[in-house]
Amino acid sequence: MSLLKITDLSVRIGGTAVVEGVSLDLAPGERLALIGESGSGKSLTALAVMGLLPDSAEVTGSIRLGGEELLGLGDRELSRLRGERMAMVFQEPMSALNPLMRIGKQLAEPLRLHRGLNRRRAAAAAVELAAQVGLPDPELVVRSWPHQLSGGQRQRVGLAMALATRPALLIADEPTTALDVTVQADMLKLLDDLVQQHGTALLFISHDLAVVAELCPRAAVLKDGRLVEEGATDTLVRSPRHSYTQRLVDAARATGWDTPEVAR
Amino acid sequence: MTLYVLRRAGLLVVSLFAASVLIFLVLRLLPGDVAQTIGGIKATPTQVAAVRHDLGLDRPLTAQYGSWIGGVVTGDFGRSVLDGTSVSGQLAEKFAVTGPLAVGAVLLALGFAVPLGVLAAVRRDSRLGGAVNALGQLGIALPTLWVGLLLVVVFAVQVRWLPAQGFPVDGWDEPGRALRSLVLPWLTLALSEGAVLLRFVRSAVLDVLHQDWLRTARAKGHTRTSALLRHGLRNAAVPVVSVLGLQIAALVAGAVVVEQVFVLPGVGQMLITDVGNRDLDKVQGEILLLTGAVLVIGFVVDLVHRLIDPKLRSAV
Amino acid sequence: MSVPSSRVLRALLKSRSGFAGSVLVGVLVLSALVSLVWTPYDPTLARPQDSWLLPLSGGHVLGTDRLGRDELSQLLTGARSTLRTALLAAAIAAVVGLALALAAVLVPRWIGAAVVQFTDVLIAFPVLLIAMILTAVYGGSTWTAVTAIGVGAGVNVARVARAEAGRVLGTDYVLAAHAAGSGTWRTVRRHVLPNIAPTLIVQLSLVLSVAVLAEAALSYLGFGTPPPAVSWGRMLHEQQSYITARPLLVIWPGLAVVCSVLGFNLLGDGLREAADARLRVRELQEVPGA
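Here the structure is a predicted model, which means the values were calculated and not measured.

## Focus: the overall build of chain C
For step 1, the next point in the chain: In terms of regular secondary structure, chain C is built from ten helices and zero strands.
For step 2, the next point in the chain: For chain C, the spread of C-alpha atoms along the principal axes amounts to about 75 × 45 × 30 Å.
For step 3, the next point in the chain: Within chain C, the fraction of its 290 residues that count as buried is 49%.
For step 4, the next point in the chain: Put simply, of all contacts in chain C between residues at least 6 apart along the chain, 71% involve residues at least 24 apart.

Structure follows, in structure tokens:
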């Protein structure tokens, strides 16, 4: 029984098809990468799962989470699942946190919303969460404002927030793209460890095959809103069937990435 | 933050000083002559000179300014050269009308402009949002005094629910009548201030709706509405508060007009009467008082702005 | 400013608000012009036997007031003082605004800071209070009203123009021009003024709408153009005493004010849209060539 089953998903915005007939399947605890250039529809697919697409988007097909159909659910029903069964880490850590709310409050918010924690216990939980993602001096961090943290620290906050309720599914949308190269590796390792530890299923969105190959055994390639190739990441890299996939492999190699045979 | 408060307070003092010099110079240097006014058109040059001397107008400007500002600091905002009444003496009584008028109008304006502005932003693509936005635009184009007159036509002339003008002679000793006579002035002032406010709130909320962190909040389990309430509004308040400071000057002007339309014996009407009589000493004090009020409220608004924005708070 | 103005004009008339604004302002200007050569009746001529005529009676389209003066003729003539005050005030506002803005960004820093402070202090003076100071000294007149509105609006224009001019001066191409030896005034003429012109024009159309409102308020309070000149604000003032008997007569002048204000506001919106469109076209043209 799959945890997330997307069947024939199409998204149209303003009459333009941005995602067309995408089908994906993710088992509990499994990791799947969604690869493509910007504008390929990978982020929109993720937002469709979360029910966070703009109002003007028309969505057809089917998205099932643990057997329950998500398309057609109202905002209220979806809000009970978001941050509880499924969570998301966004690309831009600089703008993803509310600038007028202290870190601790934002960290513990999923627990307040879904577990009904009172203020005191939520504050304690926030400190634990901050420590879990390796933020230095968690007591201080929870009392800080977002603008006082670095990009890498904020992205850790974003990850801790997403995993606060131990959701069954985590969607990570290019979580390291906006970070300094020096902290990207740390961030990926942290993500890897935590997902492993909690047994969370991961839908990892990226344009970078090099990053994906180390994290996800399975990958799906998206181009212009359509799925062009799907399979084991190793196979995909070694013998891409589609020319577009080949281009992505070449792009990754061009930046000095070793072949996966060597990496693994 | 303490350093900021001190610096901002210093700036306030400088601004008040600059405003007082400006008012003083404009009223003293421009070639109108109080002495001539008091003496009357037929006064001989000798008589005018005598009046000038009595009023201290033949002293050096710095000395005149010094004695004026010295009075102001000790609470003496000037005395009529015509009938001897003083601004300070009348102020308490006049402010008992203008204060409640202004405060009530601002609260009322906030009361309808904030929810309607939010509505116009959230439902911007719907007919309802468009209609609210159009009403706001129309509201800005309505002259305050005309709104007042229209309200009088409807509520005082047609249905006769409320008095068309005036304020009870005993003032707030008759709270019921005092309140009733303020209802239409409140509505008038609130409608014209609120229309501007509505536009500000709408654009601030529109801006917030596009923010990434609002999406983050929804990803954590907020509904659209609860995300806006818990995360959005506080952020939208920041730019609204900062323009609120600029709106204060408009509020003061609006209050003066409204007092005239509804014949309310407030600070504005006192000013209009004194301007009509060319009672320059009183006008000088009253203008400084009103400008000072604008500057002081602007100061408070700036501090509030700092308080709700942590980025500004931690910066010096 | 290489784009021909006819294209801007076309863009303006194509936008809905620009078109509506142009029509309303057109009506205002036309009324003022027509009143110079013709009005149905002499707007100031009192004919007691014709007092309180209802609209469309006795040859008076909008009726007459207590003194038997023709309402429509007064409205047409009133457009003159509204338009005159608004245009003169906008001219003063442009000069004051531009001077304060340029002074703030061009001169040595400490003087610039003082100019900024001075501008901010002036912003605390509502137009009405400036008008009252001037009226207290000179008595109410067109000039006191125009000066008060022009200065009061000008400091607000200065605030916007200053930000805009500062932005332009900070851009790479201006810095480059400066480095290449372009003098200050040359930089202002060649780069700053053309670049802040669209913003300034939009601001001035808003000043016009503010001026119409302020003129109405000032003449209502008796601080504007004195009689026998006709103004909408004073019509409202004169009519207020008879509001119970003839409520209709406070409707017309107010409506005239609203239409004029709305006209200038919509015109400003339309101009902004047209200017934005022009900027977008320019950007599109520049990108591929660069």
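Now that the structure is up, let's keep going.
## Brief notes about the UniProt feature "domain: ABC transmembrane type-1" (unreviewed entry) in chain B
For step 1, the next point in the chain: Following the UniProt record, one finds the feature "domain: ABC transmembrane type-1" (unreviewed entry) at residues 95-305 of chain B.
For step 2, the next point in the chain: Secondary structure within residues 95-305 of chain B divides into 83% helix and 0% strand; the distance between the first and last C-alpha atoms comes to 27 Å.

## Considerations on the interface of chain B and chain C
For step 1, the next point in the chain: On the side of chain C, 32 residues touch chain B, which itself brings 37 residues to the contact.
For step 2, the next point in the chain: Elements supplying a minimum of two residues to the side of chain B that touches chain C: helix H1 (2-29), helix H6 (127-141), helix H7 (144-158), helix H10 (224-261), helix H11 (267-276) and helix H12 (280-308) of chain B.
For step 3, the next point in the chain: Considered class by class, the residues forming the side of chain B that touches chain C number 31 nonpolar, five polar and one charged.

## Focus on the nonpolar core
For step 1, the next point in the chain: Ranked by size, the top nonpolar core spans 249 residues in total, and within it Leu107 of chain A, Val201 of chain B together with Met132, Val207 and Ala211 of chain C carry the most contacts.
For step 2, the next point in the chain: Per-element accounting of this core gives the leading share, 19 residues, to helix H8 (residues 184-221) of chain C.

## Some points on the packing of helix H4 (residues 109-123) of chain C against helix H6 (residues 142-170) of chain C
Residues and elements named next belong to chain C.
For step 1, the next point in the chain: The contact between H4 and H6 brings their axes to 9 Å, and the two run at 135 degrees. As judged from the angle between their axes, H4 and H6 are oblique. Of the two possible hands of crossing, H4 and H6 adopt the one that is left-handed. Listed contacts from H6 to Thr119, Leu122 and Ile123 of H4 are Val155, Asn156, Ala158 and Arg159.

## So, unusual backbone geometry
For step 1, the next point in the chain: With an omega dihedral of 10 degrees, the bond running from proline 227 of chain C to proline 228 of chain C counts as a cis peptide bond.
For step 2, the next point in the chain: Tracing the backbone shows proline 228 of chain C in the loop between H8 and helix H9 (232-240).
For step 3, the next point in the chain: Residue aspartate 8 of chain A is not a glycine yet carries a positive backbone phi of 50 degrees.
For step 4, the next point in the chain: By secondary structure assignment, the location of aspartate 8 of chain A is in strand E1 (residues 4-13).
For step 5, the next point in the chain: Judged by the 11 C-beta atoms lying within 10 Å of it, aspartate 8 of chain A is exposed.
For step 6, the next point in the chain: The phi torsion at valine 263 of chain B lies on the positive side, around 45 degrees, for a residue other than glycine.

## Focus on the interface of chain B and chain A
For step 1, the next point in the chain: Listed per partner, the contact involves 19 residues of chain B and 26 residues of chain A.
For step 2, the next point in the chain: For the side of chain B that touches chain A, the elements supplying multiple residues, two or more each, are helix H9 (212-219), H10 and helix H13 (310-314) of chain B.
For step 3, the next point in the chain: When residues of the side of chain B that touches chain A are assigned to their parent elements, the largest contribution, seven residues, is made by H9 of chain B.
For step 4, the next point in the chain: Partitioned by chemical class, the residues of the side of chain B that touches chain A number five nonpolar, seven polar and seven charged.

## Concerning the domain arrangement of chain B
Residue and element names in this part refer to chain B.
For step 1, the next point in the chain: Each assigned domain of chain B is listed here: domain 1 (1-74) and domain 2 (87-313).
For step 2, the next point in the chain: Computed over C-alpha atoms, the centres of domain 1 and domain 2 are 32 Å apart.
For step 3, the next point in the chain: With 15 residues of domain 1 in contact, the opposing surface of domain 2 contributes 15 residues.
For step 4, the next point in the chain: Contributions of two or more residues to the side of domain 1 that touches domain 2 are made by H1 and helix H2 (34-39).
For step 5, the next point in the chain: In terms of residue count, H1 provides more of the side of domain 1 that touches domain 2 than any other element does, eleven residues in total.
For step 6, the next point in the chain: Classifying every residue of the side of domain 1 that touches domain 2 by side-chain character gives eleven nonpolar, three polar and one charged.

## Comments concerning the pairing of strand E2 (residues 16-26) of chain A
All names here are of chain A.
For step 1, the next point in the chain: Pairing between E1 and E2: seven bridges, direction antiparallel. Residue pairing in the sheet places arginine 12 in a bridge with alanine 17 of E2.
For step 2, the next point in the chain: Taken together, E1 and the strand that follows it, E2, pair antiparallel across an intervening segment of two residues, in which glycine 14 is found at a positive phi of about 55 degrees.

## What to know about the UniProt feature "transmembrane region" (unreviewed entry) in chain C
Residues and elements named next belong to chain C.
For step 1, the next point in the chain: Per the UniProt entry, the sites bearing "transmembrane region" (unreviewed entry) are residues 21-41, 86-107, 114-137, 143-161, 196-223 and 243-268 in this numbering.
For step 2, the next point in the chain: Annotation note: span residues 86-107, helix share 95%, strand share 0%, distance between end C-alpha atoms 31 Å.
For step 3, the next point in the chain: Counting secondary structure, residues 196-223 comes out at 93% helix and 0% strand; the distance between its end C-alpha atoms is 34 Å.

## A look at H4 of chain C
For step 1, the next point in the chain: Compared with an ideal rise of 1.5 Å per residue, which puts 15 residues at 21 Å, H4 of chain C spans 21 Å between its outermost C-alpha atoms and is within 8% of the ideal.
For step 2, the next point in the chain: The complete set of buried residues in H4 of chain C reads Val115, Thr119, Val121 and Leu122 of chain C. Down the axis of H4 of chain C, the buried set is contained in an arc of 160 degrees. They therefore lie on one face. Residues of H4 of chain C that are exposed and point over 90 degrees away from its buried face: Arg109, Trp110 and Ala113 of chain C.
For step 3, the next point in the chain: Where H4 of chain C is buried, its residues contact H1 of chain B together with helix H3 (71-106) and H6 of chain C.

## A word on the sheet that holds E2 of chain A
Consider a sheet: its strands pair through backbone hydrogen bonds, and that pairing is either parallel or antiparallel.
Residue and element names in this part refer to chain A.
For step 1, the next point in the chain: The strand order across the open sheet built from four strands is E2-E1-E4-E5, with neighbouring strands paired in antiparallel fashion. Two strands lie at the open edges of the sheet, namely E2 and strand E5 (68-69), each paired on one side alone.
For step 2, the next point in the chain: Strand direction decides the pairing type here: strand E4 (residues 57-65) and E5, joined by two bridges, are antiparallel. Paired with leucine 65 across the two strands is glutamate 68, which belongs to E5.
For step 3, the next point in the chain: Docked against the sheet, helix H1 (residues 42-50) engages E1, E2 and E4, running at close to 110 degrees with respect to E1.

## Quick look at the sheet that holds strand E9 (residues 218-223) of chain A
Residues and elements named next belong to chain A.
For step 1, the next point in the chain: Read across the open sheet, the six strands follow the order E6-E7-E8-E3-E9-E10; overall the sheet is mixed. Strand pairing shows two members of the sheet lacking a second neighbour, strand E6 (86-89) and strand E10 (226-232), which therefore form its edges. Taken over all neighbouring pairs, the strand axes of this sheet differ in orientation by 15 degrees on average, direction set aside.
For step 2, the next point in the chain: Examined bridge by bridge, strand E7 (residues 169-173) and strand E8 (residues 201-206) share five bridges and lie parallel to one another. Residue pairing in the sheet places isoleucine 171 in a bridge with leucine 203 of E8.

## Comments concerning the UniProt feature "transmembrane region" (unreviewed entry) in chain B
Residue and element names in this part refer to chain B.
For step 1, the next point in the chain: Per the UniProt record, the feature "transmembrane region" (unreviewed entry) sits at residues 9-30, 101-122, 134-162, 182-201, 236-258 and 287-304.
For step 2, the next point in the chain: Structurally, residues 182-201 comprises 100% helix and 0% strand, and the distance from its first C-alpha atom to its last is 26 Å.
For step 3, the next point in the chain: Helix makes up 100% of residues 287-304 and strand 0%. Its end C-alpha atoms lie 26 Å apart.

Scoring rules and cut-offs
Residues numbered from 1 in each chain as written. Chains lettered and ligands numbered in written order. Predicted model: local features only at pLDDT ≥ 70, side-chain atom pairs only at ≥ 80, totals over all residues. Helix = DSSP H or I, 4+ residues; strand = E, 2+ residues; numbered from the N terminus. Buried ≥ 20, exposed ≤ 12 C-beta atoms within 10 Å, placed from the backbone. Contact = placed C-beta atoms within 7 Å. UniProt positions renumbered as here; feature names shortened; annotations may be inferred. Nonpolar A, V, L, I, M, F, W, Y, C, P; charged D, E, K, R; others polar. Core = buried A, V, L, I, M, F, W, Y, C linked by C-beta atoms within 7 Å. Axes fitted to C-alpha atoms, helices over the stretch in contact; angles between N-to-C directions. Parallel < 35°, antiparallel > 145°, perpendicular 65-115°, else oblique. Left-handed = near helix turned anticlockwise from the far one by under 90°. Domains from an automatic or database assignment. Pairing = 2+ DSSP bridges. Expected span 1.5 Å × (residues − 1). Arc of directions from axis to C-beta.

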